[in-house]
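# Observations on chain architecture
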Amino acid sequence: MALIDTRELIKTYGVGEQVVNALNGVSISIDDGEFVAIVGASGSGKSTFMNMIGCLDLPTSGTYHLAGENVAELTADELADLRNRRIGFVFQQFNLLARTSALENVAMPLLYTRELEVSKDTQASAQTTTQASTQTKRLKTKKRYATKDERLAHAKMRLEQVGLGERLYNTPAQLSGGQQQRVAIARALVNDPDLILADEPTGALDSKTSAEVMALLTELNHQGMTVIVVTHEADVAAYARRTITFKDGQVISDQINPPMNSRSAKEPIHSGAQSEVKSEVKSEAQPGAQHD
Ligand SMILES: Nc1ncnc2c1ncn2[C@@H]1O[C@H](COP(=O)(O)OP(=O)(O)OP(=O)(O)O)[C@@H](O)[C@H]1O
Ligand SMILES: [Mg+2]
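Let me begin by describing the structure that accompanies this report. From a predicted model like this one, the values you see are computed outputs, not experimental measurements.

## Comments concerning the overall build of the chain
Summing up its helical and strand segments, the chain has 10 helices and 12 strands in all. For the chain, the proportion of its 292 residues judged to be buried stands at 38%. Long-range pairs, those at least 24 residues apart, make up 73% of the contacts in the chain between residues at least 6 apart in sequence.

Right, dumping it as structure tokens:
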């Protein structure tokens, strides 16, 4: 089963008299464990697509299944919960809280995470086949990391994973751009997502720091994380194993990239960030496994 499956996604924005088809029939399937680059000219619909697959916005028409769930059928609470549990976001401008330590920035999303409990309605399934697929969904209010100490310990582990174990108490202003982006990646990882969505993660970084951030995302992908990166730069896209090109709200090409090691000119720069990634991304208990 694909992790991401979109069919004929259309997103129309109306501004005054003008109507913009930001997405114009996008059908894409992305499997668990892929590393995908999305490229295309400015205004081609890349961020709109990321917002759709990140469940930040709903399409005007078309369907989107995330891990088998039709997101259009979820309540607002269920959608927020699915987003929190499954997706980590990384943005061009890092979006860190300025006067807050790296540790507390990373721990922040854990405050808002709840468990979604899905239980089959066995009564209904005994009756008809249509009812058999009916599921009763219920949000549990319990936090995954109930105490502040638990949240900080988990955030610290994620910062160590991105090579920032020595910078826990620095505020963003006390960190370099690349370090700030690594804090943002640690924050994206803190809820143990299945998927990292990064929209221009290297857009505000110089080329050496970009290479470090991409090496980190590559390492996370090697450990099993699905990674989707929007970029304008061919060098950045080359880290991915598949490149999807958008033009005018449509996919105009979808290609497998040649392996990195066969492209000598684009060898990944072996960075500190890469070698500092230590623990397994998915080594921890999956949501719900221990805290029920
Ligand atoms: N909230 C909105 N309201 C109206 N139009 C929008 C909105 N968001 C995006 N658009 C329009 O939709 C189209 C696609 O925008 P989108 O942001 O997805 O492009 P993009 O490929 O991410 O571009 P860039 O590379 O510049 O970030 C553009 O024409 C844009 O002006
Ligand atoms: Mg964009």
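Next comes the rest of the description.
## A closer look at the site of ligand 1
Around ligand 1, a shell composed of Tyr13, Val15, Val20, Ala22, Gly40, Ser42, Gly43, Ser44, Gly45, Lys46, Ser47 and Thr48 is seen. Contributions of two or more residues to the shell around ligand 1 are made by strand 1 (4-15), strand 2 (18-30) and helix 1 (46-53). Sorting elements by how many residues they give to the shell around ligand 1 places helix 1 first, with 3 residues.

## Some points on the packing of helix 7 (residues 177-189) against helix 8 (residues 207-222)
Here helix 7 crosses helix 8 at 20°, and the two axes come no closer than 9 Å. The angle between helix 7 and helix 8 places the two elements in the roughly parallel class. Along this stretch, helix 7 crosses helix 8, giving a crossing that reads as right-handed. Packed against helix 7, whose contacting residues are Gly177, Gly178, Gln181, Arg182 and Ile185, the element helix 8 presents Thr209, Glu212, Val213 and Leu216 at the interface. Each residue belonging to the contact of helix 7 with helix 8 can be placed in one class, and the counts come to 3 nonpolar, 4 polar and 2 charged.

## Looking at the pairing of strand 11 (residues 242-247)
Bridging between strand 3 (residues 35-40) and strand 11 involves 5 bridges; their strand directions are parallel. Directly across from valine 39, in strand 11, lies its bridge partner threonine 245. When strand 11 meets strand 12 (residues 250-256), the two strands line up antiparallel, connected through 6 bridges. In the strand pairing of strand 12, isoleucine 244 is matched with aspartate 254.

## Some points on the sheet that holds strand 10 (residues 226-230)
Read across the open sheet, the 6 strands follow the order 6-9-10-3-11-12; overall the sheet is mixed. Two strands bound the open sheet, and with one partner strand each, they are strand 6 (87-91) and strand 12. Averaged over all pairs of adjacent strands, the angle between strand axes in this sheet comes to 15°, irrespective of strand direction.

## Here's the deal with the nonpolar core
For soluble globular proteins, nonpolar side chains are generally found buried alongside one another. Counting 64 residues, the largest nonpolar core has Ile38, Val106, Ala186, Ile196, Leu197, Leu217 and Val229 as its most contacted members. Here this core takes 7 residues from helix 8, the largest share from any one element. Both domain 1 (1-67 + 194-292) and domain 2 (92-192) contribute no fewer than three residues apiece to this core. Setting aside residues up to four positions removed in sequence, valine 106 forms contacts with Ala155, Arg158, Leu159, Val183, Ala186, Arg187 and Val190.

## Thoughts on the sheet that holds strand 4 (residues 61-66)
Strand order in the open sheet formed by 4 strands is 2-1-4-5, and the pairing between neighbours is antiparallel. Strand pairing shows two members of the sheet lacking a second neighbour, strand 2 and strand 5 (69-70), which therefore form its edges. Inspection of the sheet shows strand 1 paired to strand 2 by 10 bridges, in the antiparallel sense. Following the sheet pairing, isoleucine 4 is matched in strand 2 by isoleucine 30. Packed on one face of the sheet, helix 1 meets strand 1, strand 2 and strand 4 and runs near 120° to strand 1.

## A short note on the environment of glutamate 160
Note on placement: glutamate 160 falls in helix 6 (residues 148-161). For the pair formed by glutamate 160 and valine 183, sequence separation is 23 residues and the distance between their alpha carbons is 10.0 Å.

## Quick notes on helix 6
For an α-helix, the turn length of 3.6 residues means that residues three or four places apart are oriented alike. Over its 14 residues, helix 6 extends 20 Å from the first C-alpha to the last, a length consistent with the 20 Å expected when each residue adds 1.5 Å. Of the residues making up helix 6, those classed as buried are Arg151, His154, Ala155, Arg158, Leu159 and Gln161. Viewed end-on, helix 6 has its buried residues packed into an arc of 155°, placing them on one side of the element. Looking at the buried side of helix 6, the elements it contacts are helix 3 (102-107) and helix 7. One or two positions beyond helix 6, positive phi appears at glycine 163, with a value near 85°.

## Overview of unusual backbone geometry
Although it is not a glycine, alanine 67 adopts a positive phi angle of roughly 50°. Mapped onto the fold, alanine 67 is located in the loop between strand 4 and strand 5. Judged by C-beta crowding, with 16 C-beta atoms within 10 Å, alanine 67 ranks as partly exposed. One non-glycine residue, glutamate 200, lies in the positive phi region at around 55°. What makes glutamate 200 buried here is the crowd of 20 C-beta atoms within 10 Å.

Reading the values: the criteria
Numbers given to residues run from 1 along each chain, matching the order in which its sequence is written. Note on labels: chains are lettered from A, ligands numbered from 1, in written order. Local features in this predicted model are restricted to residues whose pLDDT is 70 or higher, and side-chain atom pairs enter the listing and the counts only when it is 80 or higher, whereas totals over whole chains, interfaces and linings include all residues. For helices the rule is a DSSP run of H or I covering at least 4 residues; for strands it is a run of E covering at least 2, with both sets numbered from the N terminus onward. Here exposure depends only on C-beta density: within 10 Å of a residue's C-beta, 20 or more other C-beta atoms make it buried, 12 or fewer make it exposed, and intermediate numbers make it partly exposed, the C-beta atoms being placed from the backbone. Working definition of a contact: two residues with C-beta atoms, positioned from the backbone, lying within 7 Å. What makes a residue near a molecule or strand is its C-beta atom, placed from the backbone, lying within 6 Å of it. In this description, a line fitted to the C-alpha atoms serves as the axis of each element, helices being fitted only across the stretch in contact, and the angle between N-to-C directions of two axes falls anywhere from 0 to 180 degrees. Geometric relationships in this document are graded by angle, where less than 35 degrees denotes roughly parallel, more than 145 denotes roughly antiparallel, 65 to 115 denotes roughly perpendicular, and other angles denote oblique. Left-handed describes a crossing whose near helix is turned anticlockwise from the far helix by less than a right angle; the clockwise case is right-handed. Only Asp, Glu, Lys and Arg are considered charged in this grouping, and only Ala, Val, Leu, Ile, Met, Phe, Trp, Tyr, Cys and Pro are considered nonpolar; every other residue, Gly among them, is considered polar. For two strands to be treated as a pair, DSSP must find at least two bridges joining them. Note on definitions: a nonpolar core is a set of buried residues drawn from Ala, Val, Leu, Ile, Met, Phe, Trp, Tyr and Cys, linked by C-beta atoms within 7 Å. Domain extents, as shown, originate in an automatic or database domain assignment. To estimate the expected span of a helix, count its residues, drop one, and scale the result by 1.5 Å. The directions considered for the arc run from the helix axis to the C-beta atoms.

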